[in-house]
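# Observations on the three-dimensional arrangement
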Amino acid sequence: MQPLPGIRIRRLRLAGVSRNYDVDFTHDQRVRGLSVVAGAFSSGKTAVLEFIAYGLGAKRHPRHPEVLRRVRSCLLEVELSGEPHVIERPVGEPSKVAYVRLGTLDQPALAKPESRPIEPAGAPESLSALLLGHCKLEGVQLREAPSSRESRTDPLSFRDLMALAFLPNERIASMNFLFENEFMKKHKLKQVVDVVFGVHDDRAVELGQRIRELGARLTQARSELAAARAFVEEQDTPVGDALTTQTYESELLELNEQLRALDENGQAGTVFIKRLRREHQQATRRARRAVGVVRDCETQLARMMPLRAQYADDLVKLNMLAEAQRLFDPLSVTTCPACLHRLPSRPSAANGHCSLCSHELPNDDGHLTLGTSDAGCSPDEGRLDVASEIRATKARLKEITEYVESLDSSLAALKLQAEDAELAEEQAAAAVDRATMPRVAPFLAARDDLQRRREDVLRHLQHAENAIKLQNGLEKRVALVERHETQITRLREERDQLGDAAQDRDLIIGRISGRYSELLRQWRYPKLSQPMVDTNLTPYVRGDSYREASSGARTLLTLAWQLAVFEVAVESSAAHPGFLMIDSPQKNLGHGGTRDAVIADAVAIDDFYRHLTGWLAEQGFGAQVIIVDNSPPTLVEDNVVVRYSRSEDRPPYGLIDDETTAEEDGQPPPPYADQP
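What counts and how
- Residues numbered from 1 in each chain as written.
- Predicted model: local features only at pLDDT ≥ 70, side-chain atom pairs only at ≥ 80, totals over all residues.
- Heavy atoms only, no water.
- Helix = DSSP H or I, 4+ residues; strand = E, 2+ residues; numbered from the N terminus.
- Buried < 20%, exposed > 50% of the residue type's maximum accessible area, 1.4 Å probe, protein only.
- Contact = heavy atoms within 4.5 Å.
- Salt bridge = Lys/Arg side-chain N within 4 Å of Asp/Glu carboxyl O.
- Core = buried A, V, L, I, M, F, W, Y, C linked by side-chain atoms within 4.5 Å.
- Pairing = 2+ DSSP bridges.
- Patch = residues over 30% accessible without salt bridge, like charges linked within 9 Å, V, L, I, M, F, W, Y side chains within 5 Å.
- Areas by Shrake-Rupley, 256 points an atom, 1.4 Å probe, with all protein chains shown as cover.
- Lys, Arg positive; Asp, Glu negative; His and termini not counted.
- Charge placed at Lys NZ, Arg CZ, Asp CG, Glu CD.
- pLDDT = per-residue confidence, 0-100.
- Axes fitted to C-alpha atoms, helices over the stretch in contact; angles between N-to-C directions.
- Parallel < 35°, antiparallel > 145°, perpendicular 65-115°, else oblique.
- Nonpolar A, V, L, I, M, F, W, Y, C, P; charged D, E, K, R; others polar.
- Phe/Tyr/Trp six-rings, centres within 6.5 Å; stacked < 30°, edge-to-face > 60°.

## Observations regarding the side chain of Thr 393
- Looking at the element boundaries, Thr 393 is found in helix H9 (residues 386-496).
- Overall, Thr 393 belongs to the buried group, its relative accessible area being 5%.

## Regarding the environment of Leu 189
- Here Leu 189 lies in helix H5 (residues 183-197).
- Judged by its relative accessible area of 5%, Leu 189 is buried.
- With sequence-adjacent residues up to four places away left out, Leu 189 is seen in contact with Ala 163, Leu 164, Leu 178 and Phe 179.

## Structural notes on the pattern of salt bridges
- Inspection of every chain in the model, using the stated rule, returns 27 salt bridges.
- Close ionic contact of Asp 658 with Arg 70 constitutes a salt bridge, the shortest N to O distance being 3.7 Å. Here the residue Asp 658 occupies a position in the segment after strand S20 (640-644), and Arg 70 occupies one in helix H2 (residues 65-70), the gap between them amounting to 588 residues.
- Owing to a relative accessible area of 22%, Arg 70 belongs among the partly exposed residues under this scheme.
- The salt bridge partner of Glu 257 is Arg 260, with a shortest N-O separation of 2.1 Å. Separated by three residues within a single helix, Glu 257 and Arg 260 lie in helix H7 (residues 242-268), roughly one turn from each other.
- Accessibility expressed as a relative area gives 40% for Glu 257, which makes it partly exposed.
- Of the residues examined, Arg 260 reaches a relative accessible area of 39% and is grouped as partly exposed.
- Through salt bridges with shared partners, one network takes in Arg 511, Arg 515, Glu 518, Glu 567 and Glu 571.

## Considering the nonpolar core
- The biggest cluster of nonpolar side chains holds 110 residues, and the ones touching the most others in it are Ile 9, Leu 12, Phe 51, Ile 52, Leu 56, Phe 197 and Phe 608.
- In terms of residues, this core owes the most to one element, helix H11 (residues 551-571), which gives 13 residues.
- Residues in contact with Phe 51, not counting those within four places in the same chain, are Leu 12, Leu 14, His 61, Pro 62, Val 67, Cys 74, Val 91 and Leu 655.
- If you look at the next biggest cluster of nonpolar residues, it comprises 13 residues, including Ala 290, Val 294, Cys 297 and Ala 421.

## Comments concerning the sheet that holds strand S16 (residues 539-541)
- Pairing is antiparallel in the open sheet, where three strands are placed in the order S15-S16-S17. Two strands lie at the open edges of the sheet, namely strand S15 (532-533) and strand S17 (544-545), each paired on one side alone.
- Direction of pairing for S16 relative to S17: antiparallel, over a ladder of two bridges. Counterpart to Tyr 540 in the pairing with S17 is Ser 545.

## Remarks on a negative patch on the surface
- Taken together, Glu 399, Glu 402, Glu 405 and Asp 408 make up a surface patch of like negative charges.
- Mapping Glu 405 onto the fold places it in helix H9.
- Take Glu 405: its relative accessible area is 49%, and that puts it in the partly exposed class.

## Some words on the confidence of the model for the protein
- Put simply, the protein has an average pLDDT of 81, and 80% of its residues get 70 or more.
- Low pLDDT, under 50, characterises residues 371-379; the stretch is placed with five contacts to residues that sit more than four places away or in other chains.
- Predicted confidence for residues 662-676 stays below pLDDT 50, and this span has 41 contacts to residues more than four positions away or in other chains.

## Points about the packing of H11 against helix H13 (residues 605-617)
- Taken N-terminus to C-terminus, the directions of H11 and H13 make an angle of 5 degrees; their axes are 13 Å apart at the nearest point. Between H11 and H13, the crossing angle belongs to the class labelled roughly parallel. Between H11 and H13, the residues in contact are Leu 559, Leu 563, Phe 566, Glu 567, Val 570 and Glu 571 and Phe 608, His 611, Leu 612 and Trp 615, respectively.
- Per-class residue counts for the contact of H11 with H13 are seven nonpolar, one polar and two charged.

## Topic: the packing of aromatic side chains
- Here the structure, examined in full by the defined rule, presents five aromatic pairs.
- With centroids separated by 6.0 Å and ring planes inclined at 80 degrees, the aromatic side chains of Phe 177 and Tyr 546 adopt a geometry described as edge-to-face. Residue Phe 177 is found in the loop between strand S12 (166-167) and H5, and its partner Tyr 546 is found in the loop between S17 and H11; the two are separated by 369 residues along the sequence. The same class applies to Phe 177 as to Tyr 546, namely buried.
- When the centroid spacing of 5.2 Å and the interplanar angle of 80 degrees are considered together, the rings of Phe 608 and Tyr 609 count as edge-to-face.
- Its relative accessible area of 0% is what places Tyr 609 among the buried residues.

Shown next as structure tokens:
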């Protein structure tokens, strides 16, 4: 059997910083009819469904700390009308753009991904328009006030359609299941159901508008196709196919292997050349060291020569100072300074007066200090010891002279050593050249030839890949034209076959109500009587609305309503996406503290799963149901695609299975959005 039109979920991949986190909904490369995500509370099961919804255009994604730390993008592999596509959206701040490409997650992208904005949903290039197109609902407009023909209209969004394809935990058993507390959402849900089954008011007008809109898009698509064909013809691009690229890729692998083998052989045959190169490197280092020593020696000589000259000059000055002190020593007064005749005796103190100038002495102690102007100073205070300085200066001058002479004497030998080292380096380099020339030249010639052939193959491979991309682009435009033509043809046929919408709607509501009743009977709903779904789509049992039932009973009633709409839509080939996601079907039936004992004791969850497996194998073949359940029964064990343990001893721990503890304070990680 051919797959049903619409959307099927194949794989979910959360691309992380260091690794990926995958959930696979296929078996033997085919989409499973029933997939169960099982495991403990707070392990990330609900996050799987929420990321699928995010990949299909939801505004937000799960924002648990471990998700924000580990995950960078969400990739969803889906089948759109049976053809695999990959939808990618960044994780962090909810993105405004999704990137869509043909192929699977494991296939490399042959063409640049197509950018699809999330808002506005009614834009022809939006992600919503793409998904609705595969559900046969592209271009549908919903009136804000159905009773007024002049009412404004809003384009149908795929997020509106998700109310029939995703039953989250908070809607199960809720008293606001049909959005009774939100008028516009309830009104839109009713419109969406009518649109899916094609029984809404003004169907003919709406079909005409869709036909005109698709006609305009068809004209534009044909123009783009003609322009693309003209461009390809002008480029004179050769025809490329997968076989051609495989041939070039295999040839490229072979050339790479030959290059590697040639390099290995060249390395194995040049062991002795490596030894010569090491000797040349050692000779080079010795020559550099010898040149450095010569340079250092010359630098030291250049610095010491001025220093030696300075010390010699200081010695001359000290000698001159010693001579001056001998000539002009103030302590040796032997000649009268007035008449210049020699004194008969040295000046002395006589009767408290100086014998030379008869000046009264301040201290009549019979002592005369010669050569001082102040009586309080000692005779040697402030005088320079010239002899000591001369001896010290001569010693330093001698040391510097000896050091300079030793440097000067060793400089010639160092220059000879440097010349010998440079000569040895030249000889080692010549030996390397002589040894490598006859071996390296053929090696380089062979390697250049292989490298040239490799570049040719790469060029041909690039041309083939470009040709494939151009052909894929043409095929994509051809497929778009064909899809628009098919949609227009189908819409025209549907318009020609239109009957009474009110009558058709009554028939659809009757089928949904009948299936709703049948499901409750199969699930052994206690004291079942008067089960029905009224024209406002409200489910009833025992003559009362579902809102009057107990919590466990509301679980069954909401599940029955959702499944009834889904099953009737699939069996009647209505414009439904073709998949259904349910979060926690056992809510209030055996898990958590709000367990409804009456319902839980009377209803076996096995009946719920037994009906699903039987229906998917027969009337619902080709449809897809994904269920999140804490403890599914053993009869669907083969349908469990992943089971999260929340235990480090039994992997996988959870959706983000490599983060089992909080990183900052050692406490358990924040729980996922799973609810009992």
